[in-house]
Amino acid sequence: MRGIIYIMSMQAANPTTEPPPPLTPGGDGTAAVATAAPEMKKFSTFEGVFLPTILTIFGLVIFMRATFVTGHAGIYQALGILIAAKSITTLTGLSISAIATNTEVKGGGVYYLISRSLGPEFGGAIALTIFISQSLSIPFYLIGFAEATVLTFPELDIYFDLIAYAIFAATAMISLRGAAVVVKAQYVVLAILTLAIVAFLAGAVIHFDPKIFAENTGPFEGSKYTFWTLFAIYFPAVTGILSGVNMSGDLKNPARAIPRGTLLAIGVAFVVYAAEMILCGGAIPRIELTDKPYESLLHLWHPVTTFIVVPGVMAATISSALGTILGAPRVLQSLAQDRILKPVNIFAKVTPQGEPRRALFVTIAISFAVIYFACRGGSGGGALNMVASVVSMFFLWTYGIINLAAFVESFSRNPSFRPRFKFFHWFGALVGAVACFAATLLINVTAALLAGAFFVGIYFYVRKYVMSVSFGDARRGFIYSRTRDNLLTLSALPAHAKNWRPTVVAFAGDPVDRLHLVKYADWLSSGRGILTIASMIKGDMSEMAATRAGILAAFEEFLNKNRIKAFPEVLVTPDYNTGITHFLQANSIGPIKPNLAIFGWSGDPTRAASFMESIKIAAMLNMSVGLIYGRELPDPNPRNRRNRRIDIWWRGMRNGSLMVILAHLMSLNSDWTGAKIRILRVVYTPEEQAKAREELERLIEAARMDIEIEPIISDDTFPNLLRRYSDLSTVVFLGFSADASTDPLKFQEAYTGLLQGMPTTIMIQSTGEADLLS
């Protein structure tokens, strides 16, 4: 459960009634306000962190469910439940301390921390999850108030639902008056709670009986509750540890107060809960623990406990409900204030006093709905247990994501992750995250998967609608670290043809004018490799730096607009051949080096020598070469995709293997779904035809591809056969060979004449590195 009272103090500093201006790229994710905030009181560790945290932890469960869990699980298993629950919150507390002391925490508390660690998508998802979980915890407290009331005054049992609605209405009206009314009550609430706890613990000491203790050590044989069901019921007793984070902007020394206040509250709560389980387990008979857990506390030191514990229960439930009903809207308002998710921006508006009234109305509506459906079954504890289990599931997911954020920050060795809190290690955060997610599965697999699906659904919803914003989150650092380690690992592994992937460099010139080349390069890499689109600018870098930056920006925009997943590069060079030579040599990082250079066809005789030189440069650097002839793209109409055909003219294994692999990769693109691939081979006799068919079918079978084989018996010239069989194809693959002895002009003239009027043709010269049979 979220902390009471102080969650709203950050918003009180913003007197404007309108949402803040949009974020600017590279900003810190906060919005400027038009009016300077008034001077606000800064709080110490005790009143700013410890007090709101312990008030929320010592809530309903300590009175209503701790003895219930002890009775069903037995003292030893109950202590195991406590240790398991406290281990999760302790590890989460360590993660919170590390993240909170690594950055200045502004509005939004945990939402702010997660969004700045894992990005706006996770931040938005966790904000909505926290908002909903807190909205669900409000009825948990209020149903508990109603249950305590009817247990104290049994004659009111028939009015259980009316009591719940009445206290809900009172809580809603108080919350609408603002936070200041609640803040002043915290010391009174602490005093009442302390007296109540001391009273029933003292009563347990007075009535402690070693015989009763021995009888209650083991689990109740007739219990219908499993260990993990009881864990789910009890877990809300240890939540509330996030309260201090929300106070960070109002603390005198956040780096000192958050770790000390949060961990101290966790420790004190553990001691009190353990004492309750041990002492009450040794003072109250089993039947009273299981059947009358609340009444058993009242009878421990009657009439003292009756007159002190009852007000304690009332104070605990109302204070926790008020704190949460004030806190939940501020999470939603903080998300809206960041303006990353358009559908919730309406909740950014606050009153002149800084109250998120719109978000508060949503919180009240959700809470009322839960109370309505939960109370339809009346009293008896079923409604309370049901809500407790749902709340536990959501908080376990929240704590898991917090630990995950701390793990990502630390494990990625992000240089900017330098928390002032030193008692933290990524392994603890990882254990905390795994423990949270494992606990959800152990409690209830179906509920865990539904809660997970709920969070994932929100994540993708946020991701779909999230606006362009950067918080400098840890994802980039984590991915960078993993990429570095993977590159080092990859460089130590021997290359094998089975692992060949296209690492393509396409020289596009002006990509806007050569969209066909860029698209075919993208299709050839098929998302299985890495594609770099390069453009050359002839000139001097000292004079062209600004021009280059503008062209690169336009290049990136062009690729995004056309949904092409590629890395754009712009090179300033004194001449094109020098630029190509330098680029192909330098365009690599570790073991990731280009293995396929793609050029557009040049039919200009004045550029024949330069064009051939580019081919030879790529070959000298042990790269396969692809030359794309033609400027047409296939009909984009999806209905015509199944009519597309890719022809491969087989004239040898070296070029043929790469052509078949590239054609296969093309067919895997959604734009080429249903396209047919056909291998054609020219032979001269029926015997050669049968042999060629057998060899190619065996080859394609071994290559595990669905390709048609068509050996052609003919003594006609190849240009005539090419036109006769492939004139209606969508794209044609041809092999070629060019070496130092190849005459540039003759090469250019021969292929220009051969391909004139043909469909788009991709000519391939392979190094032999790609093996079709691997």
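Residues numbered from 1 in each chain as written. Predicted model: local features only at pLDDT ≥ 70, side-chain atom pairs only at ≥ 80, totals over all residues. Heavy atoms only, no water.

## Some thoughts on the overall build of the chain
Next up, step 1: A count of helical and extended segments in the chain gives 29 helices and 10 strands.
Next up, step 2: The burial tally for the chain puts 55% of its 774 residues in the buried class.
Next up, step 3: In the chain, once contacts between residues fewer than 6 apart in sequence are set aside, the share between residues at least 24 apart is 84%.
Next up, step 4: By element, 60% of the accessible surface of the chain is carried by carbon and sulfur atoms, the whole surface being about 33100 Å². (Helix = DSSP H or I, 4+ residues; strand = E, 2+ residues; numbered from the N terminus. Buried < 20%, exposed > 50% of the residue type's maximum accessible area, 1.4 Å probe, protein only. Contact = heavy atoms within 4.5 Å. Areas by Shrake-Rupley, 256 points an atom, 1.4 Å probe, with all protein chains shown as cover.)

## Considering the packing of aromatic side chains
Next up, step 1: If you walk through the whole model with that rule in mind, you get 34 aromatic pairs.
Next up, step 2: Each ring, one from Tyr-372 and one from Phe-373, has its centre 5.1 Å from the other, and the planes form 80°; the classification is edge-to-face.
Next up, step 3: Through successive ring pairs, a cluster of aromatic residues spans Phe-227, Trp-228, Phe-231, Phe-235, Phe-395 and Tyr-399.
Next up, step 4: Lying over the aromatic face of Trp-672, Arg-644 brings its terminal NZ or CZ to 5.0 Å of the ring centre. (Phe/Tyr/Trp six-rings, centres within 6.5 Å; stacked < 30°, edge-to-face > 60°. Lys NZ or Arg CZ within 6 Å of the ring centre and 35° of its normal.)

## A closer look at the pattern of salt bridges
Next up, step 1: Per the counting criterion, the structure on display carries seven salt bridges.
Next up, step 2: Across the pair Arg-678 and Glu-710 runs a salt bridge, and its minimum N-O distance is 3.0 Å. With a gap of 32 residues between them, Arg-678 in strand 7 (residues 676–683) and Glu-710 in strand 8 (residues 708–713) connect regions that are remote in the sequence.
Next up, step 3: The exposure class assigned to Arg-678 is buried, which follows from its relative accessible area of 7%. (Salt bridge = Lys/Arg side-chain N within 4 Å of Asp/Glu carboxyl O.)

## Here's the deal with the nonpolar core
Next up, step 1: By size, the foremost hydrophobic cluster in this structure holds 145 residues, and its most contacted members are Phe-63, Phe-200 and Tyr-234.
Next up, step 2: With 17 residues, the top contributor of residues to this core is helix 6 (residues 120–152).
Next up, step 3: Excluding residues within four positions of it along the chain, Tyr-234 makes contact with Val-61, Ala-66, Val-69, Ile-81, Leu-82, Tyr-273 and Met-277.
Next up, step 4: Val-572, Ile-700, Val-731 and Ile-762 belong to the second-largest nonpolar core, a separate cluster that totals 53 residues. (Core = buried A, V, L, I, M, F, W, Y, C linked by side-chain atoms within 4.5 Å.)

## Considerations on helix 23 (residues 541–561)
Next up, step 1: Between its first and last C-alpha atoms helix 23 spans 28 Å; for 21 residues at 1.5 Å apiece the expected length is 30 Å, and the two agree.
Next up, step 2: Taking the largest bend as the criterion, helix 23 deviates by roughly 35°, centred on Thr-547.
Next up, step 3: Those residues of helix 23 not exposed but buried are Met-544, Leu-552, Phe-555, Phe-558 and Leu-559. (Expected span 1.5 Å × (residues − 1). Bend = angle between axes of the 7 residues up to and from the residue.)

## As for the pairing of strand 6 (residues 645–649)
Next up, step 1: Of all five residues that make up strand 6, four are buried, and the element is covered over most of its length.
Next up, step 2: Between strand 6 and its parallel partner strand 7, the chain crosses via helix 26 (residues 653–667), and the hand of that crossover is right-handed.
Next up, step 3: Bridge analysis of strand 6 against strand 9 (residues 731–735) gives three bridges, and the strand direction is parallel. Following the sheet pairing, Asp-647 is matched in strand 9 by Val-732. (Right-handed = clockwise from strand over helix to strand, strands pointing away. Pairing = 2+ DSSP bridges.)

## Quick notes on the confidence of the model for the chain
Next up, step 1: Per-residue confidence for the chain gives a mean pLDDT of 81, with 87% of residues at or over 70.
Next up, step 2: The lowest-confidence element of the chain is helix 1 (residues 9–12), averaging 32 in pLDDT; the highest-confidence one is helix 10 (residues 210–215), averaging 95. (pLDDT = per-residue confidence, 0-100.)

## Considering the environment of Pro-356
Next up, step 1: Relative to the helices and strands, Pro-356 is located in the loop between helix 16 (304–338) and helix 17 (357–374).
Next up, step 2: A sequence separation of 180 residues divides Pro-356 from Leu-176, and the C-alpha atoms of the two residues are 9.7 Å apart.
Next up, step 3: Once residues lying within four places of it in the same chain are set aside, the contact partners of Pro-356 are Pro-329, Arg-330, Gln-333, Lys-349 and Val-350.

## Re a nonpolar patch on the surface
Next up, step 1: Judged by side-chain polarity, Ile-83, Phe-270 and Val-271 come together as a nonpolar surface patch covering roughly 260 Å² of accessible area.
Next up, step 2: Counting through the fold element by element, Phe-270 comes out in helix 13 (residues 254–281).
Next up, step 3: For Phe-270, a relative accessible area of 32% corresponds to the partly exposed category. (Patch = residues over 30% accessible without salt bridge, like charges linked within 9 Å, V, L, I, M, F, W, Y side chains within 5 Å.)

## Examining the packing of helix 2 (residues 45–57) against helix 9 (residues 186–206)
Next up, step 1: Where helix 2 meets helix 9, the axes come as close as 11 Å, and the angle between the chain directions of the two elements is 50°. Between helix 2 and helix 9, the angle falls in the class oblique. Pair helix 2 / helix 9 crosses with left-handed handedness. In this structure, helix 2 uses Phe-46, Glu-47, Leu-51, Ile-54 and Leu-55 to contact helix 9, whose residues at the interface are Gln-186, Tyr-187, Val-189, Leu-190 and Leu-193. (Axes fitted to C-alpha atoms, helices over the stretch in contact; angles between N-to-C directions. Parallel < 35°, antiparallel > 145°, perpendicular 65-115°, else oblique. Left-handed = near helix turned anticlockwise from the far one by under 90°.)

## Let's talk about the environment of Ala-214
Next up, step 1: Tracing the chain through its elements places Ala-214 in helix 10.
Next up, step 2: Note on Ala-214: relative accessible area 49%, which makes it partly exposed.
Next up, step 3: Linking Ala-214 and Gly-282, residues 68 residues apart in sequence, is a C-alpha distance of 7.6 Å.

## Topic: helix 2
In an α-helix, one turn spans 3.6 residues; hence positions three or four apart end up facing the same way.
Next up, step 1: In the structure, helix 2 departs most strongly from a straight axis at Leu-51, where the bend amounts to approximately 30° and where the proline Pro-52 lies between one and four residues downstream.
Next up, step 2: Counting buried positions along helix 2 gives 11 out of 13 residues, so the element sits mostly inside the fold.
Next up, step 3: Restricting attention to buried positions, one finds in helix 2 the residues Glu-47, Gly-48, Val-49, Phe-50, Leu-51, Pro-52, Thr-53, Ile-54, Leu-55, Thr-56 and Ile-57.

## Topic: the packing of helix 24 (residues 576–586) against helix 25 (residues 608–620)
Next up, step 1: Relative orientation of the contacting elements helix 24 and helix 25 amounts to 15°, with a least axis distance of 10 Å. The orientation of helix 24 with respect to helix 25, classified from their angle, is roughly parallel. Both helix 24 and helix 25 take part in a crossing whose hand is right-handed. Contacts between helix 24 and helix 25 pair Asn-577, Ile-580, Thr-581 and Leu-584 from the former with Ser-610, Glu-613, Ser-614, Ile-617 and Ala-618 from the latter.
Next up, step 2: Considering only residue class, the contact of helix 24 with helix 25 consists of four nonpolar, four polar and one charged. (Nonpolar A, V, L, I, M, F, W, Y, C, P; charged D, E, K, R; others polar.)

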